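# Structure assessment
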Amino acid sequence: MLKTYKNQIKILIFRYFTIATLLTSCSSVKKTLNSKIGNDKLQNSFHGLVVIDANSSKEIYNLNGDKYFTPASNTKIVTFYTGLNLLPKHIPTLKYLVANDTVFVEGTGDPSLLHPYFMDSTAINWLKNQRTIALYTKNHDEQRYGPGWAWEDYDTYFSPEKSAMPLYGNVTTISNNADLEVSPDYFENQTVVKDTTIKRIEFKNQFFIAPMEQDTLEVPYMTSDSLTKQLLEIATEKEVFLTQHFPKGEKQMLYGMETDSIYKRMLLKSDNFLAEQLLLTASGMISDTLSTKRAIDYILDNQLKDLEHRPRWVDGSGLSRYNLFTPRSFVQILQKLYNQIPEERLFALFPMWGPNNTVEHWEDPTTEPFLFAKSGSVGNNYNLSGYVKTKSGKLLIFSFMNNHFRLPSKEIRKTMYETLKSLYENY
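Residues numbered from 1 in each chain as written. Predicted model: local features only at pLDDT ≥ 70, side-chain atom pairs only at ≥ 80, totals over all residues. Heavy atoms only, no water.

### Things to note about the packing of aromatic side chains
Two measures describe an aromatic ring pair: the distance that separates the ring centres and the angle between the ring planes. Scanning the entire structure with this criterion turns up 23 aromatic pairs. Aromatic pair Y186 and F187: ring centres 5.2 Å apart, planes at 85°, arrangement edge-to-face. Looking at F187, the relative accessible area reads 0%, which means it is buried. Residues W353 and Y382 carry aromatic rings whose centres are separated by 6.4 Å and whose planes lie at 50° to one another, so their mutual orientation is tilted. One end of the pair, W353, is in strand β13 (residues 352-353); the other, Y382, is in strand β16 (residues 381-389), with 29 residues separating them in the sequence. (Phe/Tyr/Trp six-rings, centres within 6.5 Å; stacked < 30°, edge-to-face > 60°. Buried < 20%, exposed > 50% of the residue type's maximum accessible area, 1.4 Å probe, protein only. Helix = DSSP H or I, 4+ residues; strand = E, 2+ residues; numbered from the N terminus.)

### Re the nonpolar core
Counting residues in hydrophobic clusters, the biggest one holds 76 residues, and the most contacted among them are F80, L337, L346, F350, L371, Y387 and F398. Not counting the four nearest positions on each side in its chain, L337 is found in contact with I77, F80, Y81, L84, L346, F350 and Y387. Of all hydrophobic cores here, the second largest spans 29 residues; its members include L113, L127, Y168 and A235. (Core = buried A, V, L, I, M, F, W, Y, C linked by side-chain atoms within 4.5 Å. Contact = heavy atoms within 4.5 Å.)

### With respect to the pattern of salt bridges
Scanning all chains against the criterion turns up 16 salt bridges. The salt bridge involving K138 is made with D225; its shortest N-O contact spans 3.0 Å. Placement of K138 in the loop between β5 (132-136) and β6 (171-176) and of D225 in helix α4 (residues 225-236) is noted, with a sequence separation of 87 residues between them. Classification of D225 as partly exposed rests on a relative accessible area of 28%. A salt bridge links K293 to D297, with the nearest nitrogen and oxygen atoms 2.7 Å apart. Of this pair, K293 and D297 both sit in helix α7 (residues 292-301), four residues apart, which is roughly one turn of the helix. For K293, a relative accessible area of 56% translates into the label exposed. Of the residues examined, D297 reaches a relative accessible area of 28% and is grouped as partly exposed. One network of salt bridges, with partners in common, ties together E59, E308 and R328. (Salt bridge = Lys/Arg side-chain N within 4 Å of Asp/Glu carboxyl O.)

### Points about the sheet that holds strand β7 (residues 180-183)
On the basis of which strands lie adjacent, the open sheet formed by three strands has the order β7-β6-β10 and antiparallel pairing. Taken across any chain shown, the strands that pair with only one partner, and hence form the sheet edges, are β7 and β10 (217-220). Across the sheet, the axes of successive neighbouring strands diverge by a mean angle of 25°, strand direction being ignored. In terms of strand pairing, β6 meets β7 through four bridges, oriented antiparallel. Bridging from a neighbouring strand, N176 pairs with L180 of β7. (Pairing = 2+ DSSP bridges. Axes fitted to C-alpha atoms, helices over the stretch in contact; angles between N-to-C directions.)

### Quick word on a nonpolar patch on the surface
Nonpolar side chains collect at one region of the surface, where M285, I286 and Y298 lie side by side and expose about 220 Å² of accessible area between them. Its place among the elements puts M285 in the loop between α6 (272-283) and α7. (Patch = residues over 30% accessible without salt bridge, like charges linked within 9 Å, V, L, I, M, F, W, Y side chains within 5 Å. Areas by Shrake-Rupley, 256 points an atom, 1.4 Å probe, with all protein chains shown as cover.)

### Comments concerning the environment of T390
Checked against the element boundaries, T390 lands in the loop between β16 and β17 (395-403). Here the alpha-carbon distance between T390 and G148, two residues 242 residues apart in the chain, equals 38 Å. With near-sequence residues (within four places) excluded, T390 lies in contact with L396, L423, Y424 and Y427. In this structure the side chain of T390 is engaged in a polar contact, spanning 3.1 Å, whose partner is the side chain of S392. (Polar contact = N/O pair within 3.5 Å; in protein donor to acceptor, adjacent residues only side chain to side chain.)

### Section: the packing of helix α5 (residues 259-269) against α6
Their axes nearest at 8 Å, the elements α5 and α6 cross at an angle of 140°. The pairing of α5 with α6 is recorded here as oblique in orientation. The handedness of the crossing between α5 and α6 comes out as left-handed. Contact residues: T259, I262, Y263, R265 and M266 in α5; L274, A275 and L278 in α6. Partitioned by chemical class, the residues of the contact of α5 with α6 number six nonpolar, one polar and one charged. (Parallel < 35°, antiparallel > 145°, perpendicular 65-115°, else oblique. Left-handed = near helix turned anticlockwise from the far one by under 90°. Nonpolar A, V, L, I, M, F, W, Y, C, P; charged D, E, K, R; others polar.)

Written out as structure tokens, the structure reads:
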């Protein structure tokens, strides 16, 4: 009896000192984070940081966690989560129905078809084996751009148009090193070497590249039903008919490349086009009509219905300043991701973030890679949300959001890295 009593006392003393140590550690961490974020240079801007323990969900730090911020490309984290919940292992690349000797086809929004990076030709090779092809293009209710996108970005690489059946990433790739090279070569006769700052006429597929331009340009082209038809005919070497009606019957699905490859590219390169099209493709799993809004509403009303702060979410990429999320919401979504998929797969898809920005190879020689996070930037805003693997072996989830600053963004990134590195070293 006495022995049992002594053991109970030992257990209580152990628990007391464990709790005391944790409280002291948390207090020290909070003090360190407060000193980092309390920088005088940050006093005129708006900042939020929430940190939790991934395994216990215990909150370690919270500054403005319930306030709404412009998320920029942190929005792609939610698009990634949506894809994981709605899309299969291989991306739906084409819906079709065979009637008599004609195959009726419609796009799914799949961004990989003849994309400059992926070069996927699954649908093209399949179509080459069909006898008569009828293309239906009315299975979406999208505008070419998302709500709140900047109109003047029409000729910039990060703002291709959205469409039901994108080809070549909906961009024209142009280089002018030894000779003028244009892909798809359909646009070669519409490309001019000229000393000008614009890369395309706004409402016409007329492209320009400066004589001394050393980089390969990716210039969005204006999409249309007739252009999609023509590009498909060239790629398949078959005649394609546009149809105004899709026959009744059960549609079949053709699947393309692994969806994880698209997620990885989207997150690493912060690719707006991939994000927008993934959201459209996801919507096709719950409806016959491709719709960004429908995918957003569905995921918010179902998998994300328990978020403490319902976001204002309008696009897949974060290009729009209409988007509003709280740091707490991002942490909750990141927790769901961590709970849903194995850690090895998660960190193979999430990019590393180093002292300066997103990196493919770790740049800080003083540490092992410890930051797996998605950044998001748009004028005067820089955000980062993801995971910290601490020196002690713990895993933390965080969302660090910074809006409305007038400092150079490199100073904000430096403060963020120092703050997160202190978490890595001290927690």
